[in-house]
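Take a look at the letters that make up each chain.
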Amino acid sequence: MDLKQCGRTGLYLSAIGIGTLTWGRDTDGPEALDMLRRFVDAGGNLVECSASHGDGMAVDILSEAISAVGRHRVAVAWRGGVRRASEGAWVSAAGRGDLLRSLDDALARLDTDYVDVWMVEPRAEVPLDETLEAATAAYRSGRARYVGLSRATQWQLAEAVTRGMLGASAPISVVEFPFSLADTSRAARVAELSEHGVGVIAASALAGGALTGKYRHSTPADSRAASPHLRHLVEGHLTGSARGVIEAATRAGAGLERSTGDVALAWVRDYPGVTSALVGPRTLRQLETLLDYTEPLPAPIRQVLSEVAQ
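Source: prediction; values computed, not measured.

> Can you break down the overall build of the protein residue by residue, with the values?
Scanning the protein from N- to C-terminus turns up eleven helices and twelve strands. Computed over the C-alpha atoms, the radius of gyration of the protein is 19 Å, within 12% of the 19 Å expected from 2.2 N^0.38 for a compact globule of 310 residues. With the C-alpha coordinates aligned to their principal axes, the bounding extent of the protein is approximately 50 × 40 × 40 Å. Looking at the protein residue by residue over its 310 residues, the buried ones come to 54%.

Below you can see the structure in the form of structure tokens.
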């Protein structure tokens, strides 16, 4: 698997990254370890995790898996921070204290001194400069080798990137947001970030699995769409224009003798400006299938799919 330079930084991430949303809840420890071993053996390094993944258990599963395969083989992208809400639930946080506390907890549980990239998530109720101040403190101390943003608005991105370029806060090296053949609404943003030397992690690169084509005629009983806690990741991509995109990818795959998922992943993985396409396989078998998708799309097919997806 190719390692791609993240923007104009010295950070190199694998063209495909794996998310840990299901680890500890739908994917048990031994399965997750087998997946990480197979992933790094194939040349992958990017693993994205957050405190909320797997109902809070993913970080401990990841820690055990990293210990087994070797910390030097994994680039950990830690996302956001959390705080305890009044009702006792953990909610996303962007304040300085909550962010740094969350990061330190993650480092302790991962048994590491640093994360390769910390992607903070701005929130409307917290001034952006406070969120960036926390990220900068972690960057300067070495606890976060690189800093990024996740799920930020265009205005927040513009301000954060500008502050970084001026030296007012840590430079923004990478941005993560949903981007796939079924969701091209941020295509212009990818291009703009690339012009400024910022890498992009395309989250939900297969639209929660919808772009594999498995839901074209029915909902498999063991799929995300059949799961009460995961179906929201898929449902929005099964109606309206998304269905037309899935059918177009299926037709393209039939002509190329490739699967729908292969076509969809190749489109986003090789999209100009995208550093890594993030996928979330729940099983080793699903990961094996994704790792088999290596060939680029012919230029005319890419162009037609891009036009359909607009």
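> With reference to specific residues and values, describe the packing of helix α3 (residues 96-110) against helix α4 (residues 128-141).
Packing of α3 against α4 leaves a shortest axis separation of 8 Å and a crossing angle of 35°. Considering the relative orientation of α3 and α4, their crossing is right-handed. When α3 is examined against α4, the residues Arg 96, Leu 99, Leu 100 and Leu 103 are found in contact with a partner set consisting of Glu 130, Thr 131, Glu 133, Ala 134, Ala 137 and Ala 138. The residue makeup of the contact of α3 with α4, split by class, is six nonpolar, one polar and three charged.

> Hey, could you go over the packing of helix α1 (residues 29-41) against helix α10 (residues 284-291) for me, with residue numbers and the actual values?
The angle between the axes and the distance between the axes are what describe a pair of packed helices. Where α1 meets α10, the closest approach of the two axes is 9 Å, and the angle between their N-to-C directions is 15°. Between α1 and α10, the angle is such that the two are roughly parallel. Crossing of α1 over α10 shows right-handed handedness. Residue-level contacts link Glu 31, Asp 34, Met 35, Arg 38 and Phe 39 of α1 to Leu 284, Leu 287, Glu 288 and Leu 291 of α10. For the contact of α1 with α10, a count of residues per class yields five nonpolar, no polar and four charged.

> Help me get a handle on the sheet that holds strand β3 (residues 16-19), residues and values and all.
Reading around the barrel, the eight strands line up as β3-β4-β5-β8-β9-β10-β11-β12 and close back on themselves, with parallel pairing between neighbours. Averaged over all pairs of adjacent strands, the angle between strand axes in this sheet comes to 30°, irrespective of strand direction. Where strand β5 (residues 75-79) and strand β8 (residues 115-120) come together, three bridges link them in parallel fashion. The residue of β8 that forms the bridge with Ala 77 is Val 117. Against the sheet, helix α2 (residues 58-69) touches β4 (46-50) and β5, its axis set at about 150° to β4.

> Could you give me a rundown of the side chain of Thr 27, with the residues and numbers involved?
As for its placement among the helices and strands, Thr 27 is situated in the loop between β3 and α1. Overall, the relative accessible area of 1% leaves Thr 27 in the buried class. From its side chain, Thr 27 meets the backbone oxygen of Arg 282 in a polar contact 2.8 Å long. Dropping the residues within four chain positions of it, Thr 27 is found in contact with Thr 22, Ala 32, Met 35 and Arg 282.

> Requested: an account of the nonpolar core, with residues and values cited.
Counting 81 residues, the largest nonpolar core has Leu 36, Trp 118, Phe 179 and Leu 265 as its most contacted members. Among the elements that line this core, the one with the most residues is α2, at seven residues. Beyond its immediate sequence surroundings of up to four residues, Leu 36 is in contact with Ile 18, Trp 23, Val 47, Ala 65, Ile 66, Val 69 and Val 74. Core analysis: the next-biggest nonpolar cluster, separate from the first, contains twelve residues, Cys 6, Ala 77, Met 119 and Ile 201 among them.

> Mind laying out the pairing of strand β9 (residues 144-150), listing which residues take part and the relevant values?
Burial analysis of β9 places five of its seven residues in the buried class, which makes it a mostly covered element. The pairing of β8 with β9 spans five bridges and is parallel. Across the sheet, Val 120 pairs through a bridge with Leu 149, a residue of β9. Two elements, β9 and strand β10 (residues 172-178), share four bridges in a ladder whose sense is parallel. Opposite Ser 150, over in β10, you have Glu 176 as the bridge partner. Note that the unit made of β9, helix α5 (residues 154-166) and β10 has a crossover that is right-handed.

> Now, about the packing of aromatic side chains: what can you tell me, with residues and values included?
Counting across every chain of the model gives three aromatic pairs. Aromatic side chains Phe 179 and Tyr 271 sit 5.0 Å apart centroid to centroid with 75° between the ring planes, which places their arrangement in the edge-to-face category. Taken as a pair, Phe 179 in the loop between β10 and α6 (187-195) and Tyr 271 in the loop between α9 (260-269) and β12 (274-279) lie far apart in primary sequence, 92 residues in all. You'll find Phe 179 and Tyr 271 in the same group, each marked buried. Between Trp 267 and Tyr 271, the aromatic rings sit 5.1 Å apart at their centres with planes inclined by 50°, giving tilted as the arrangement. Here Trp 267 falls in the buried class, since its relative accessible area comes to 2%. Since its relative accessible area comes to 18%, Tyr 271 is described here as buried. In textbook terms, an aromatic cluster arises when at least three aromatic residues are bridged by ring pairs, as seen for Phe 179, Trp 267 and Tyr 271. Here Arg 71 stacks its cationic end above the ring of Tyr 114, 4.3 Å away from the centre of that ring.

Basis of the calculations
- Residues numbered from 1 in each chain as written.
- Predicted model: local features only at pLDDT ≥ 70, side-chain atom pairs only at ≥ 80, totals over all residues.
- Heavy atoms only, no water.
- Helix = DSSP H or I, 4+ residues; strand = E, 2+ residues; numbered from the N terminus.
- Rg over C-alpha atoms; globule rule 2.2 N^0.38 Å.
- Buried < 20%, exposed > 50% of the residue type's maximum accessible area, 1.4 Å probe, protein only.
- Axes fitted to C-alpha atoms, helices over the stretch in contact; angles between N-to-C directions.
- Left-handed = near helix turned anticlockwise from the far one by under 90°.
- Contact = heavy atoms within 4.5 Å.
- Nonpolar A, V, L, I, M, F, W, Y, C, P; charged D, E, K, R; others polar.
- Parallel < 35°, antiparallel > 145°, perpendicular 65-115°, else oblique.
- Pairing = 2+ DSSP bridges.
- Polar contact = N/O pair within 3.5 Å; in protein donor to acceptor, adjacent residues only side chain to side chain.
- Core = buried A, V, L, I, M, F, W, Y, C linked by side-chain atoms within 4.5 Å.
- Right-handed = clockwise from strand over helix to strand, strands pointing away.
- Phe/Tyr/Trp six-rings, centres within 6.5 Å; stacked < 30°, edge-to-face > 60°.
- Lys NZ or Arg CZ within 6 Å of the ring centre and 35° of its normal.

Any link to function would need more than the numbers given here.
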